[in-house]
Amino acid sequence: MELCAKKHPPEEERRVKANAREYNEKFQYASNCIKTSKYNMVTFLPINLFEQFQEVANTYFLFLLILQLIPQISSLSWFTTIVPLVLVLTITAVKDATDDYFRHKSDNQVNNRQSQVLINGILQQEQWMNVRVGDIIKLENNQFVAADLLLLSSSEPHGLCYIETAELDGETNMKVRQAIPLTSELSDTSKLAHFDGEVICEPPNNKLDKFSGTLYWKESKHPLSNQNMLLRGCVLRNTEWCFGLVIFAGPDTKLMQNSGRTKFKRTSIDRLMNTLVLWIFGFLVCMGVILAIGNSIWEYEVGACFQIYLPWDEAVDSAFFSGFLSFWSYIIILNTVVPISLYVSVEVIRLGHSYFINWDKKMYCAKRCTPAEARTTTLNEELGQVEYIFSDKTGTLTQNIMVFSKCSVNKRSYGDVLDVLGYKAELGEKTEPVDFSFNPLADPNFMFWDTGLLEAVKLGDPHVHEFFRLLSLCHTVMSEEKNPGELYYKAQSPDEGALVTAARNFGFVFRSRTPKTITVQELGRPVTYQLLAILDFNNVRKRMSVIVRNHEGQIRLYCKGADTILLERLHPGNQELYNVTTDHLNEYAGEGLRTLVLAYRDLEESYYASWAERLHRASMTSEGREERVARLYEEVENDMVLLGATAIEDKLQQGVPETIALLTLANIKIWVLTGDKQETAVNIGYSCKMLTDEMTEVFIITGHTVLEVRQELRKAREKMLDSSRSVGNGFAYPEKVSASKLTSVLEAVAGEYALVINGHSLAHALEADMELEFLETACACKAVICCRVTPLQKAQVVELVKKYKKAVTLAIGDGANDVSMIKTAHIGVGISGQEGIQAVLASDYSFSQFKFLQRLLLVHGRWSYLRMCKFLCYFFYKNFAFTMVHFWFGFFCGFSAQTVYDQYFITLYNIVYTSLPVLAMGVFDQDVPEHRSLEYPKLYEPGQLNLLFNKREFFICIAQGIYTSVFMFFIPYGVFSDNAHLADYQSFAVTVATSLVIVVSVQIGLDTGFWTAINHFFIWGSLAVYFAILFAMHSDGLFQLFPNQFRFVGNAQNTLAQPAVWLTIALTTVICIMPVVAFRFLKLDLKPELSDTVRYTQLVRKKQKTQHRCMGRVGRVGSRRSGYAFSHQEGFGELIMSGKNMRLSSLALSSFSGRPSTSWIETLRKKKSAGGDGSAASSPSGGGLDRTLKV
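Residues numbered from 1 in each chain as written. Predicted model: local features only at pLDDT ≥ 70, side-chain atom pairs only at ≥ 80, totals over all residues. Heavy atoms only, no water.

Looking at an unreviewed UniProt entry, one finds the protein chain named Phospholipid-transporting ATPase and attributed to Gekko japonicus. Of the protein chain, the UniProt comment under Sequence similarities (unreviewed entry) reads exactly: "Belongs to the cation transport ATPase (P-type) (TC 3.A.3) family. Type IV subfamily." (UniProt positions renumbered as here; feature names shortened; annotations may be inferred.)

Explain the overall build of the protein chain to me, please; I cannot follow it from the model alone.
Along its length, the protein chain carries 41 helices and 33 strands. Total accessible area on the protein chain is roughly 53400 Å²; 58% of this is exposed by carbon and sulfur atoms. (Helix = DSSP H or I, 4+ residues; strand = E, 2+ residues; numbered from the N terminus. Areas by Shrake-Rupley, 256 points an atom, 1.4 Å probe, with all protein chains shown as cover.)

What is the right way to look at the pattern of salt bridges in this model?
It is possible for side chains bearing opposite charge to pair when their charged atoms get close. In this structure the tally under the stated criterion is 49 salt bridges. Between Arg14 and Glu11 there is a salt bridge, and its shortest N-O distance comes to 2.6 Å. Accessibility expressed as a relative area gives 0% for Arg14, which makes it buried. Taking the shortest distance from any N to any O, the salt bridge between Asp360 and Arg855 comes out at 2.9 Å. Of the two residues, Asp360 is situated in the loop between helix H10 (341-358) and strand S14 (373-374) and Arg855 in helix H27 (residues 853-890); the sequence distance between them amounts to 495 residues. Residue Asp360 shares its accessibility class with Arg855, and that shared class is buried. Linked through salt bridges whose partners overlap, the residues forming this network are Glu466, Arg469, Glu522, Arg525, Arg556 and Asp602. (Salt bridge = Lys/Arg side-chain N within 4 Å of Asp/Glu carboxyl O. Buried < 20%, exposed > 50% of the residue type's maximum accessible area, 1.4 Å probe, protein only.)

I keep staring at the sheet that holds strand S6 (residues 160-164) and nothing clicks. Help me out?
Within a sheet, neighbouring strands are paired by backbone hydrogen bonds and run either parallel or antiparallel to one another. Ordered in space as S7-S6-S12, the three strands form an open sheet in which the pairing is antiparallel. With partners counted over all chains shown, the strands left at the sheet margins are strand S7 (174-178) and strand S12 (235-237), one partner each. Pairwise comparison of adjacent strand axes, ignoring direction, gives a mean angle of 45 degrees for this sheet. Of the strand pairs in this sheet, S6 and S7 are connected by five bridges, and their pairing is antiparallel. Considered in S7, the bridge of Tyr162 is made with Val176. (Pairing = 2+ DSSP bridges. Axes fitted to C-alpha atoms, helices over the stretch in contact; angles between N-to-C directions.)

Hey, could you run me through the packing of helix H8 (residues 268-301) against H27 in this one?
Contact pair H8 / H27: the axes reach a minimum separation of 12 Å and the direction vectors enclose 5 degrees. On the basis of their axis angle, the class for H8 and H27 is roughly parallel. Mapping the contact onto sequence places Ile269, Met273, Ile280, Phe283, Met287, Ile290 and Leu291 in H8 and Tyr865, Met868, Cys869, Leu872, Phe876, Phe880, Met884, Phe887 and Gly890 in H27. Across the contact of H8 with H27, the residue classes break down as 15 nonpolar, one polar and no charged. (Parallel < 35°, antiparallel > 145°, perpendicular 65-115°, else oblique. Contact = heavy atoms within 4.5 Å. Nonpolar A, V, L, I, M, F, W, Y, C, P; charged D, E, K, R; others polar.)

I'm lost on the packing of aromatic side chains in this one. Help?
The way to describe two aromatic rings as a pair is by their centre distance and the angle between their planes. Throughout the structure, instances matching the rule amount to 64 aromatic pairs. Relative to Phe27, the ring of Tyr23 has its centre 5.5 Å away and its plane inclined at 80 degrees; by these criteria the two rings are edge-to-face. Aromatic side chains Tyr901 and Phe905 sit 5.0 Å apart centroid to centroid with 40 degrees between the ring planes, which places their arrangement in the tilted category. Over the face of the ring belonging to Tyr29 we find Arg14, whose NZ or CZ atom lies 3.9 Å from the ring centre. Across from the ring centre of Phe438, 4.9 Å away, lies the NZ or CZ of Lys458, which sits over that ring. (Phe/Tyr/Trp six-rings, centres within 6.5 Å; stacked < 30°, edge-to-face > 60°. Lys NZ or Arg CZ within 6 Å of the ring centre and 35° of its normal.)

Can you help me understand the packing of helix H16 (residues 605-620) against helix H17 (residues 625-636) in this one?
If you want to describe how two helices pack, look at the angle between their axes and the distance between the axes. The geometry of H16 relative to H17 is characterised by a closest axis approach of 8 Å and an angle of 165 degrees between their N-to-C directions. Compared by their axis directions, H16 and H17 come out roughly antiparallel. Crossing angle aside, the handedness with which H16 passes H17 is left-handed. Between H16 and H17, the contacting residues are Tyr607, Trp611, Arg614, Leu615, Ala618, Ser619 and Met620 on the first element and Arg625, Arg628, Val629, Leu632, Tyr633, Glu635 and Val636 on the second. Considered class by class, the residues forming the contact of H16 with H17 number nine nonpolar, one polar and four charged. (Left-handed = near helix turned anticlockwise from the far one by under 90°.)

What exactly am I supposed to notice about the nonpolar core here?
Side chains of a nonpolar character, in soluble globular proteins, are inclined to be buried together. Counting 93 residues, the largest nonpolar core has Phe871, Leu872, Tyr901, Phe905 and Leu996 as the members making the most contacts within it. Counting 50 residues, the second largest nonpolar core, distinct from the first, contains Tyr414, Val500, Ala503 and Leu598. (Core = buried A, V, L, I, M, F, W, Y, C linked by side-chain atoms within 4.5 Å.)

Would you mind showing me how to read the sheet that holds strand S3 (residues 122-127) here?
As summarised here, the arrangement of the six strands in space is S3-S2-S4-S13-S5-S11, forming an open sheet in which the pairing is antiparallel. The sheet is open, and its two borders are formed by S3 and strand S11 (229-230), each paired with just one other strand. Taken together, the two bridges between strand S5 (residues 148-154) and S11 define a ladder with antiparallel strand orientation. Residue Leu149 lies in a different strand from S11, and its bridge partner there is Leu230.

Explanation requested: the pairing of S5 in the structure shown.
As a general feature of sheets, a regular strand has side chains that alternate between the two faces. Of all seven residues in S5, seven are buried; the element is thus mostly enclosed. Judged from the six bridges that link them, S5 and strand S13 (residues 241-248) form a sheet pairing that is antiparallel. What sits directly across from Ser154, in S13, is Cys242.

Which parts of the structure should I look at to understand unusual backbone geometry?
Even without glycine at this site, Lys218 takes up a positive phi of about 55 degrees. On the secondary structure map, Lys218 appears in the loop between strand S9 (213-217) and strand S10 (220-224). The class for Lys218 is exposed, based on a relative accessible area of 61%. Positive phi, normally seen in glycine, also occurs at Ala897, with a value near 65 degrees. Relative to the elements of secondary structure, Ala897 occurs in the loop between H27 and helix H28 (903-913).

Mind showing me how you'd approach the environment of Glu708 here?
Mapped onto the fold, Glu708 is located in helix H20 (residues 706-727). Owing to a relative accessible area of 36%, Glu708 belongs among the partly exposed residues under this scheme. For Glu708 and Ser761, which are 53 residues apart along the polypeptide, the C-alpha to C-alpha distance reads 8.7 Å.

Explain a nonpolar patch on the surface to me, please; I cannot follow it from the model alone.
Among the surface-exposed residues, Val302, Phe306, Ile308, Tyr309 and Leu310 lie close enough to one another that they form a single nonpolar patch of about 590 Å² accessible area. When you line up the elements, Ile308 lands in the loop between H8 and helix H9 (319-333). Residue class for Ile308 comes out exposed when judged on its relative accessible area of 77%. (Patch = residues over 30% accessible without salt bridge, like charges linked within 9 Å, V, L, I, M, F, W, Y side chains within 5 Å.)

For this particular structure, what's the right way to read helix H24 (residues 791-804)?
Because each turn of an α-helix spans 3.6 residues, side chains separated by three or four positions in sequence point in the same direction. For H24, with 14 residues, the first-to-last C-alpha span of 21 Å sits near the 20 Å given by 1.5 Å per residue. For H24, every residue scored as buried is listed here: Gln793, Lys794, Ala795, Val797, Val798, Leu800 and Val801. Close packing links the buried residues of H24 with strand S15 (386-391), strand S27 (669-673), helix H22 (759-765), helix H23 (771-779), strand S31 (808-813) and helix H25 (819-824). (Expected span 1.5 Å × (residues − 1).)

Is there a simple way to think about the environment of Met402 in this case?
Position of Met402 among the secondary structure elements: in the loop between S15 and strand S16 (403-409). The class of Met402 is buried, set by a relative accessible area of 10%. In this structure, the C-alpha to C-alpha distance between Met402 and Ser493, residues 91 residues apart in sequence, is 9.3 Å.

Just checking my understanding: could you explain helix H11 (residues 451-458) for this structure?
Listed in full, the buried residues belonging to H11 are Gly452, Leu453, Leu454, Ala456 and Val457. The secondary structure elements touched by the buried residues of H11 are S16, strand S17 (412-414), helix H12 (462-473) and strand S20 (508-513). Where H11 terminates, the next one or two residues include Gly460, which has phi positive at roughly 80 degrees.

When you look at the state of the cysteines in this model, what are you seeing that I'm missing?
If you walk through the whole model with that rule in mind, you get zero disulfides. We note that Cys474 lacks a disulfide partner, and the nearest cysteine sulfur, in Cys559, lies 6.3 Å from it. Overall, the relative accessible area of 0% leaves Cys474 in the buried class. The closest cysteine sulfur to the non-disulfide-bonded Cys957 is located on Cys873, 3.5 Å from its own sulfur. (Disulfide = S-S within 2.5 Å.)

Here it is in C-alpha cells:
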C-alpha cells in the first residue's frame, strides 16, 4: 500500500501544537491524504509488467519467446508463444487495472470529503486531504471522523459525545467519549481560535484501545487516554456537534495502521505444482540433451555426406555446434509440456468454485440476509483437505445472545423452576414466567421463571437489593429514552446488556449517566450516585469496578468479574458464604452457563482521597503509566465482601452438534479454544457431542508448573498405550518408543480419548521443550478443548499444529480476538455474528452459522479438490501426449527440430481445441450428489490423504501421456510408410493432429463423472471447431489472402477423404483408450473406491424405484413411498447449554460409526501414520464396506 506522505524515521514521541501549522510542519508529519492505489496512467504498464514477470512461469515463457526470435534455433513462429503469453498478461493486467481503478475511486471519494477546519479564527470548508496535524476540526452529527482527534468540546453536557466504531472493530453499539474538563468549555470558535495547548503523546501505532498522552496548557498538564480520542473511521452519533484537535493524520491514523496486508496463503496443490513444474523442466532439459546429442551424431555421421544438398547454416561450423543449436530449438518445441494456459485455467476454475459458494442458497441465512462469501479464490481445493478445525465458541458455536438465567445471593440460588413440593422441575409449556407488571419500566422481552427472587426484592432483602444495585451501577451501558418510559440500552457486550436488563426488571432501573453521576430508579424512587471512578475491564484484569458516593456520603466500590480473579480478592471472613457461592458457581458452570462474581468494598473518605491523588499522579506520568495505574487498581480491589454470582445462558446455534458429529465422522479433528473455566469447557464438549459417555477417557490437564504439566501429559500417553496393550489389536507396543515414532504409535491406539487443558497449563505446554509432548498427546485424542486461553494462545496452538503436522488447518471464529487465529491457519473462516465484522474481514470465507461449515467442507471443499485434481491429471496427460510426438519424430527427421504439427495447431491446441472441455470438467464435475457427500462423510478422507493428485498420480498421468504419444506417432507413421498415396509430411501431420484431438476428447469423456449440457457443448463443439479451422486453413480462400502462410491448399480435405486415414485414426483411438477402459473396469470390479460404491448403490435404488413404479401401474391402487428427512467480551467464553440429537441418516451412521474399519482408506491411513510409504491395501468390498451395501 502506497501513501501520499514520504516515509520518515520512526517517531519516539509526537508533539502537536494547536492552531500552529508552521510549528507542526517542521516535524514533517504525514498529511491526511490517503493513497491505496498502486498505479497511475504513466506507471501502470511498466510497474504491472514488472510485477507479472516476477512470476516464474511468465519469466519462463518470456525466455522462450526470446529464443524463438533467434532465427538459427527457432523452428516455430514467434506467435506460437507470444499469443498465449500476451493473452495471459492482458487478462491479468485488465484485472489489476480494474482493481486499481476502484482503489482510485475510493481514494478520491475519501480524500475529497468535506470537513470544517478552523483557520485564522474562521471555520472553512476543506477537503480531507488538506487537513493537517494541529488543525481544529468541527464535526456534526452522523459525520465520519476525518483523522485521529483529541476531543476538545461538544454540544453535550460535560463534553460528552457518542460514536459508532463499526468501521474500526465491527461493533455497532455506541460508545461514549469525553473531553477533559479544561477544554470542554471551549464551545465557540473565538475561544478555540486562542487555544494554543500542546499535546505530547505516543508515536503512531495500531493499538485501537490504547492512547497515552499529556496536554500542556495554561501552565498545567492533563493526562489523556483513549476515552478522550475520536479515531478516523468512527461516526459521530446523537451529538449535534463537537470540536477536535488533529493528532494523527492520513497513514498515521490507527485505522490505516491496522490496514496492513494479510499474509498470502498458498494451497498444498500450488506447492506441489511448483515442484512438479521444476521436475518437468528438468525432464525437458534431458529430452533436449538427448535430441541434441542425436543431432550431433547424425550430422557427424550422416549429415556431413549431404553438405551439397543440406548445407549447414553460416554460423554452424561443426556437428557439435549444430547439436548445441538443436538443443535450444527442441527446448522451444517441447516447452508445451508446461503450457502457460495451465495457470490461467487453474484461476478460472477457482473463480468458478468461489461463485458456487457465493450462490449456494443452502448456506444463505434468511434471518440475517447473509449469504456465504468466498473472500479468496486461491484456497478452494484446500477446503477438501482439512484435518484440524480450531473453533472459537462465543458466537461461533453459540448464538451470543445472552439471557439472565440464574443467580446466587446470600447462599441462596435463584432461577430454578420449583414444583409444589419445592423440588426442581422441568420448564414446561404451562410454566408461567415471573410477572413484572408492577414495574412500568420493565423490558417486556425479559423472562425469568423463579418468583422467589422477585419476592425477595419486594420484601426488602438488603442483600438482594445490594445485588441488583451493583448490576445497575457497575457497567458502561448507555441509556437512551426515545419516548417516555421506553428505555433503550446500548451495551458494549451482550453480557453487560443482559445484566443491566435483569436489574431493570427487578426494580433497579438504570436511567441515565453523566461523566460524574449515574441515575438509577430504585423501586420507583430516583436515586443519583456520584461517580468517582471507573476501573475498566481488560483482558488481564478480567473484571471492572466503579467507585460511587451515595446520597448519604458513603463511598463504595462495586466490582464484578471472573470467579478465578475475584474470589482471590475477597475478605477472608464469612467462609460459609464463600463455600456455598462456589458450589453454586460450579453448578452453573456444569449446566453450561456463563458466570460472574459480584462483590463490594466500603472505602473511607481519607483513604479514597489519598488513593485518588495517587491515581491522578500516576495518570500524569508519561512513562510506565499503565503499570502504575494497574497497581493502584489492584490495591483498591482487595478485601471485598462477596455479594453473589450471576449465570447467563448462551444457547448453542442450531445444528452445531450434528455438524460436529458429521465432521468427526469425516476424520476431521475439532479443537475448541474458549476462555471459560474447566467445568464449563467439559460441559461444552458434551453439549456439542465432542465428548461422549462412550469415550474411553477424558484427560484433564490442570498443572500449575512445568513439571506437573509434563507429568500429566505423560500419564495420559501411558494410559493410551496401556489400553492398547490390553486390547491387543494383533500386536504389542514396545515398552520404549522413539520420539520420532511416538506420534504415529499414539494415533493408532485403540479407543477414543479427549483432552481438556487449562490456560495456565497450556502456557507451559506451549514452551519449546514441551510443545512436542503436548502435540503428540493432543493429536492422539479425538477431541481437544483448551479453556481459559488468550487470543495469542489460540494462534500459538494453530501454529504448533501447522509446524509439526503435515495437515491442513482451519480456524473459525466471529470476534476480534479470533483474528490472529484466523490469519495463522491455512484457511480462516469468519462468522458474521454479534461481535462485529473484524473476523469476517480477516477471513478467507465467511457465513453466518457454524452449521454451514459442513457444506463448505464436505460438499464445496470436496468437490473443489476432486475437480482440481482431475483437471491437473488430465491437463498433464494431454500435454505430454501432444508434446512427446515431437520427441519420437526427432529420431526420424535427423534430429533437425522439425515439428510434426503445423504452427497454427501448436498455437491453438491449448487455447481453443482442448481448453473448454477440461475447464467444464474442472468447474462442474462431481462424483456423487451433494446429499450423498453429507450422507457418507468418509468420502472426504481421500483429500486428507492427498490421494487424488500427488507425485504418484502425476507419474501415472505422464506415463499415460507418453504411452498415448508412442501410438499416436508410430501407428500413423507405419501406415504412411507403406502407403504411396499417403506419403507426404502434411498429410501425416493432419492425421496425427486429428487422432490427438479425438483421443483426448474421448479421454475427457471418460474422465467426466457428471455430464451437463455445457460439457456436451464444449466437448463436441471443440471437435467441430477443430475440423472447421482445419478445413479453413487448407482452403483456397485463405491461400489467396495469405499465400506465404497457407500453402497446403486442399490437403486436409484430400487426407480425410481417404478411408485408410480414418481407419488409422480409429485404430489409434482404440489402442490409446482401451487400456484405460480395461484398467478402470477391473479397478471398479476388484478394488472399488467408496465413491464408486456410493454411485452403485444410487443406481440400484433408482432401478428399485423404477420397478416399484411399474408394479404400481400394473396391479396396485395405493402406493407406499419412502420418507427421507432432510434434515464478550475478552477473557470470557460462553458456556454451551443444550445438546441436540444427531439427525444423520441411519445408513451413514451404520456404515461409518464403527471405529475399527478395514476399508482401504483406513489401511492407508494406518500405514501412513506408521511411517510406511505403501499405497492401498485391502479391498473395500470387504469388512466395513460390506456393511455399507447392506441397506
